[in-house]
Amino acid sequence: MQKIDIDSPEAQSANLVAGNIEQLKSLFPELITEGPNGVSVNVDVLKSLVGDQAVTDADEKYGLNWHGKRRARQMALSPSTGTLRPCPEESVDWDSTKNLMIEGENLEVLKLLQKSYCGKVKLIFIDPPYNTGRDFVYPDNFQDNIKNYLELTGQLEGGKKISSNTDASGRFHTDWLNMMYPRLKLAKNMLHSRGAIFISLDDTEVANARSMCDEIFGAENFLASIVWEKVHTRKNSAKTFSISHDYVLAYAKDILQWDRTLLPRDDTSAYQNPDNDPKGPWKPDPVTAHNAYSADYKITKPNGVVLSRPSGRFWAFSEDSINSKIAANEIIWGNGDAYPMIKRYLSEVQDGLVPITIFSRKFAGDTAEAKREIDELFKAQGIFDYPKPCLLIQRLIQISSRPGDIVMDFFSGSGTTGHAVFAQNVIDDGGRRFILVQLPEPLNPDNAEQKAAADYCDKLNRPRKITELTKERLRRAASKIRDENPMFAGDTGFRVFKLDHSNIRAWNPNPADLAASLFDHQDHLLEGRSEGDVLYELLLKLGLDLCVPIERRTIAGCGVHSIGGGVLMACLAEKITREQVESLSQGILDWHKELAPAGETTCVFRDSSFADDVGKTNLTAILAQHGVQNVRSL
Ligand SMILES: C[S@@+](CC[C@H](N)C(=O)[O-])C[C@H]1O[C@@H](n2cnc3c(N)ncnc32)[C@H](O)[C@@H]1O
C-alpha cells in the first residue's frame, strides 16, 4: 500500500510545469533532456529550432513589460498547498446541486481546480478590481500564499490589514498587472476549446489588460472590446468628460472554434404577413446594396419598366437568384420605376441575432438597475457597492454558452453571475452550472462605505465578510426565481467550499527533537479535519468534479465512500483491526463489482488506522488479487 504524503502526485494540485514540458515534448522531442533536477528543456536546442526568431527578456522587443512579470509567470506555475473544505451547512441543496460557491483567494482556488476543471469551463466572466485607486488589489505572497490569505482575511490572529492600491504607491499599474497575470494564465487553462472569457474594465487598465490578454490568449483570439452603457445620466460636475461606459474585453480560447450562440430575437414586429403568404411573416428588403458585387443585369418589371443597376449601388443578388425569387412570387414590385423589394421571411433568417459591440442599457441593464436588483433582494440599501446588472451577464451567457455548460466567475462579488445563470436557465431550461470564487474580504463597520454590509452580516448573525453577502444573495435570488416560476424544476442550489491549508500535514521536522517529530507525523492528517474534508481533497487532487455523486455504506463496521460510481473508493475510519480486514476488503470488492466502474479504481485508507503492517499488507493483497491494484494510504 503506497502512502500518499504531501509530495505525492495525489496530494498535489496540477503540476503545470510538467504539463508544459509534456506539450513541448510532443511537438519537439529533441528539446527534452535530463538536467540536475530531472527532466529538463534544452534552451540551446530551442534556439536552434527557431533560428533567428529567438529573443530573450533582456532584448528590446515588442510587448507589455513591467517589474515583476517573470515572477508573476512563476506565480501561476507554483502548485497550491491548500485544499477546499466542504461546508454543507452553508449550502443549498447540497445533495443535488451542481453549482459551486467557493470562499477563497482566487489564485489558489484556480490552482486547486485545475485538475478537475481544466478545459471544461465554457464561459468565464470576471469583473476584477478596476484599479481606480480606491480598490484593494490582492498582494500575492510567493512564500506561503495560504498563510498570507488566512492573515489578510482575518482568519489568523495578528493578521495583516487589507489596504487599497493608491496611485501614489509608485507601483500602481505594476501591482495590478502582477495580480492579474497569473490569474488570467490559469483562467486560460480552465477554458473549454470552444469557450471564451469576458473581462469587465474601465479606462484605468483597459489598455494594459488588452496587451496582457493579447499575450496570454493570443491577439488572434481577440473577439471584441464591448462598450457597455453603464449610466445614462450626465455628470455636469465632471472635469473633462462625463463617463457613460465601461468595457468588456472578450477573448476566445481559440477563435476558430469559438461556439458563438445567437441572441434571442426579441422584436419580430417588423415581420408581418399582410398577403397571407404561405411561407409566413416577412419584411421587405432592398434588392440593391452598398457592397460591391459584380452581378450586372437588367430587371424587367411587370409594368414593362426595365431597371439597370443604380449608379453607386450594386445588385444584392445574382441574376439566377433574383429570377427564382420572381418565379416564386417573393418580390414586391412597387409602382412606376421604383426599385422592387424582396421578401425576407422570418422563417429563413438565422434564428437569432449576431451580437454587436455596443451594449446599450436597454439591452444589458445599467448600474442603477444593478443597485436596484440588490436593494430589492436584500430589502436594504447600499449593501454592495458596484454590482453588475444580471442582464449584462445574462447577455454574455446567451452569446457564449449552451445548456449544460459551466460558467465561471472568480471575482464574483455579490454573486451576480450565479443569479444570471439561474435566470437564464429559467428562460431556456438550460441546466448551466456555475463556479463562483470570492474572497472572504472583511467588512469594517467603521468604514462608511462598508457599514451597511457589515451591519447586514450582524443581522444575519454571520461573520462580517463579503462572502456572507454572496451566499445570501444566491439564496434570495434562488427563492425569488422559484416563487416567480413555480413550474421551474432546475437547479437553484449551490455547494459551499472554503479554502484552507491541505489536510495532509507537511513534513516539517523539529531538528532539536526528531523523535517527537516522527511520532507526531504518524498520523499525517491535520487534527480537527473531518472525513468530508479529506474526501473532497482526494477528489480535487485526483481531478474529479466536486459535484460528483458520493455514496456511503457501512462495511464491517467502517464507513466506506464510493465516489463517481466507484472511480474512487475511500475508507477513512480511524481504526481498522486485523479481524476487520477480511470482511472489509470482501465488502469493498462486492460493492466494486456491483458498481462496475469503466476505468481503474483507486482505493484509499487512512495510514494510521492500521494497528500494524500485517493488516495493511493483507488488505492490499486481497484487493489486488481481485483487480483493485491502486491502493493508497493517507
Ligand atoms: C468589482 S467586484 C465584483 C462585483 C460583481 N461582478 C458583482 O456583480 O457583484 C470584485 C470582487 O473581487 C473580489 N476579489 C478581489 N481580489 C480577489 C481575489 N484575489 N480572490 C477572490 N476575490 C477577489 C473583491 O472582494 C470584490 O468583491
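### Focus: the overall build of the chain
Each helix and strand in the chain was counted, giving 18 helices and 25 strands. Reported as C-alpha extents along the three principal axes, the dimensions of the chain are approximately 105 × 65 × 60 Å. A total of 634 residues make up the chain; the buried ones form 47% of that total. Relative to all contacts within the chain whose residues are 6 or more apart in sequence, the contacts with residues 24 or more apart total 75%.

### Section: the side chain of Lys616
The residue Lys616 is located in helix H18 (residues 613-625) in this model. Here Asp607 takes part through its side chain, which lies 3.1 Å from a polar atom of the side chain of Lys616. Excluding anything up to four places from it in sequence, Lys616 contacts Met1, Asp607 and Phe610.

### Examining the domain arrangement of the chain
Split into domains, the chain comes out as domain 1 (2-77), domain 2 (82-264 + 354-500), domain 3 (282-345) and domain 4 (527-633). The distance between the C-alpha centroids of domain 3 and domain 4 comes to 74 Å.

### A look at unusual backbone geometry
It is generally the case that most residues other than glycine have a negative phi and that most peptide bonds are trans. Unusually for a residue other than glycine, Asp93 sits at a positive phi of about 55°. One non-glycine residue, Ala596, adopts positive backbone phi at about 45°. Checked against the element boundaries, Ala596 lands in the loop between helix H17 (578-595) and strand E24 (602-605). Overall, Ala596 belongs to the exposed group, its relative accessible area being 57%.

### Thoughts on helix H2 (residues 43-50)
Where H2 begins, one side-chain oxygen reaches toward the backbone nitrogen of Asp44, 2.9 Å away; that side chain belongs to Asn42. Directly after H2, the chain includes Gly51, whose backbone phi takes a positive value near 55°.

### Examining the sheet that holds strand E9 (residues 245-252)
Strand order in the open sheet formed by ten strands is E4-E20-E5-E19-E18-E6-E7-E9-E8-E17, with mixed pairing between adjacent strands. Each of the sheet's edge strands pairs with one partner strand only, and the pair in question is strand E4 (82-86) and strand E17 (358-359). In the sheet, strand E6 (residues 121-126) pairs with strand E18 (residues 406-409) via three bridges, with the strands oriented parallel. Counted as the bridge partner of Val121 is Ile406 from E18.

### Overview of the pattern of salt bridges
In total, this model carries 43 salt bridges according to the counting rule given. Of the charged contacts in the structure, one is a salt bridge between Lys122 and Asp405, with a shortest N-O distance of 2.9 Å. With Lys122 in strand E6 and Asp405 in the loop between helix H11 (390-400) and E18, the pair connects residues that are 283 residues apart, well separated along the chain. A salt bridge links Asp607 to Lys616; the nearest nitrogen and oxygen atoms lie 3.1 Å apart. The pair formed by Asp607 and Lys616 is uniform in burial state, with each residue classed as buried. Here the residues in one salt-bridge network are Glu90, Glu103, Arg462, Glu468, Lys471 and Lys498, joined through shared partners.

### Observations concerning the site of the ligand
Within the structure, the ligand sits among 20 residues, and Asp127, Lys388, Ser414, Thr416 and Glu441 are positioned closest to it. In the environment of the ligand, an oxygen atom lies 2.6 Å from a nitrogen or oxygen atom belonging to the side chain of Ser414. Within the backbone of Leu439, an N or O atom sits 3.3 Å from a nitrogen atom of the ligand. Within the complex, the protein chains bury 93% of what would otherwise be the 600 Å² of accessible surface of the ligand. The class makeup of the residues in the shell around the ligand is eight nonpolar, seven polar and five charged.

The rules behind each value
- Residues numbered from 1 in each chain as written.
- Predicted model: local features only at pLDDT ≥ 70, side-chain atom pairs only at ≥ 80, totals over all residues.
- Heavy atoms only, no water.
- Helix = DSSP H or I, 4+ residues; strand = E, 2+ residues; numbered from the N terminus.
- Buried < 20%, exposed > 50% of the residue type's maximum accessible area, 1.4 Å probe, protein only.
- Contact = heavy atoms within 4.5 Å.
- Polar contact = N/O pair within 3.5 Å; in protein donor to acceptor, adjacent residues only side chain to side chain.
- Domains from an automatic or database assignment.
- Pairing = 2+ DSSP bridges.
- Salt bridge = Lys/Arg side-chain N within 4 Å of Asp/Glu carboxyl O.
- Near = heavy atom within 4 Å.
- Areas by Shrake-Rupley, 256 points an atom, 1.4 Å probe, with all protein chains shown as cover.
- Nonpolar A, V, L, I, M, F, W, Y, C, P; charged D, E, K, R; others polar.

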